[in-house]
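# A look at the structure
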Amino acid sequence: MGLGSNLGDRRQNIEKAVTLIGERVGVVLCQSSLIETEPWGFDSENKFLNAVILCETERTPREVLRLTQQIERDMGRKKKLIANGQEPKANYKDRPIDIDILLYDDLTVDEPDLKIPHPLMYERDFVMIPLEEVRRLMADG
């Protein structure tokens, strides 16, 4: 999962999201370092902190989506806008937390509101750099 925060105590927001994912979704096996990045898809003076986590879960992708969206709402996130299965750039805005399902085992999901692998992840260094770190950490055991 990809995590991002650019409002409030960004580090604490990421930590809280990781804790809630561990409580509600499944065991968090690995977390990347935090990286600070410029907003993607919109203008803001607030930089993001981003991270990637690897989570082991018994939940289905649909359940993981529902649970992570609830965590976002519980942490103060306003409605996440999705149009035609793509996140519309014009609707990105500052947020205390953003949780994206990047990958789920080797599954491919292509539903209007759930796409796995995440369709924009390869365009985003703030996803790919921490994702590569998690892959490296897991390979090193």
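Here the structure is shown first, and the text comes after it.
The following paragraphs examine the structure supplied in this document.

Conventions and cut-offs
Residues numbered from 1 in each chain as written. Predicted model: local features only at pLDDT ≥ 70, side-chain atom pairs only at ≥ 80, totals over all residues. Heavy atoms only, no water. Axes fitted to C-alpha atoms, helices over the stretch in contact; angles between N-to-C directions. Helix = DSSP H or I, 4+ residues; strand = E, 2+ residues; numbered from the N terminus. Parallel < 35°, antiparallel > 145°, perpendicular 65-115°, else oblique. Left-handed = near helix turned anticlockwise from the far one by under 90°. Contact = heavy atoms within 4.5 Å. Nonpolar A, V, L, I, M, F, W, Y, C, P; charged D, E, K, R; others polar. Buried < 20%, exposed > 50% of the residue type's maximum accessible area, 1.4 Å probe, protein only. Polar contact = N/O pair within 3.5 Å; in protein donor to acceptor, adjacent residues only side chain to side chain. Salt bridge = Lys/Arg side-chain N within 4 Å of Asp/Glu carboxyl O.

The interhelical angle for the contact between helix 1 (residues 10-24) and helix 2 (residues 61-74), taken along N-to-C directions, is 140°, at an axis separation of 10 Å. Between helix 1 and helix 2, the angle is such that the two are oblique. Here helix 1 runs over helix 2; the crossing is right-handed. Taking contact as the criterion, the partners of Leu 20, Ile 21 and Arg 24 in helix 1 are, on helix 2, Leu 67, Gln 70, Ile 71 and Asp 74. Residues belonging to the contact of helix 1 with helix 2 are distributed by class as follows: four nonpolar, one polar and two charged.

Assignment of secondary structure puts Arg 136 in helix 3 (residues 125-140). Owing to a relative accessible area of 45%, Arg 136 belongs among the partly exposed residues under this scheme. Residues Arg 136 and Glu 38, 98 residues apart in the sequence, show an inter-C-alpha distance of 24 Å.

Attention now goes to the side chain of Asn 50. With respect to the helices, strands and loops of the structure, Asn 50 is situated in strand 4 (residues 48-56). At 2.6 Å, the side chain of Asn 50 forms a polar contact with the side chain of Thr 37. Beyond its immediate stretch of four places on either side in the chain, Asn 50 contacts Leu 3, Gly 4, Ser 33, Leu 34, Ile 35, Thr 37 and Phe 126.

The next subject is the pattern of salt bridges. For the structure on display, the rule yields nine salt bridges. Between Arg 10 and Glu 36 there is a salt bridge; the shortest N-O distance is 2.9 Å. Of this pair, Arg 10 sits in helix 1 while Glu 36 sits in strand 3 (residues 35-37); the two residues are 26 residues apart in sequence, bridging distant segments of the chain. A salt bridge links Arg 62 to Asp 113; its shortest N-O distance comes to 2.9 Å. Residue Arg 62 is found in helix 2, and its partner Asp 113 is found in the loop between strand 6 (109-111) and strand 7 (114-116); the two are separated by 51 residues along the sequence. With a relative accessible area of 34%, Arg 62 lands in the partly exposed category. Linked by salt bridges that have partners in common, Arg 62, Glu 111 and Asp 113 make up one network.

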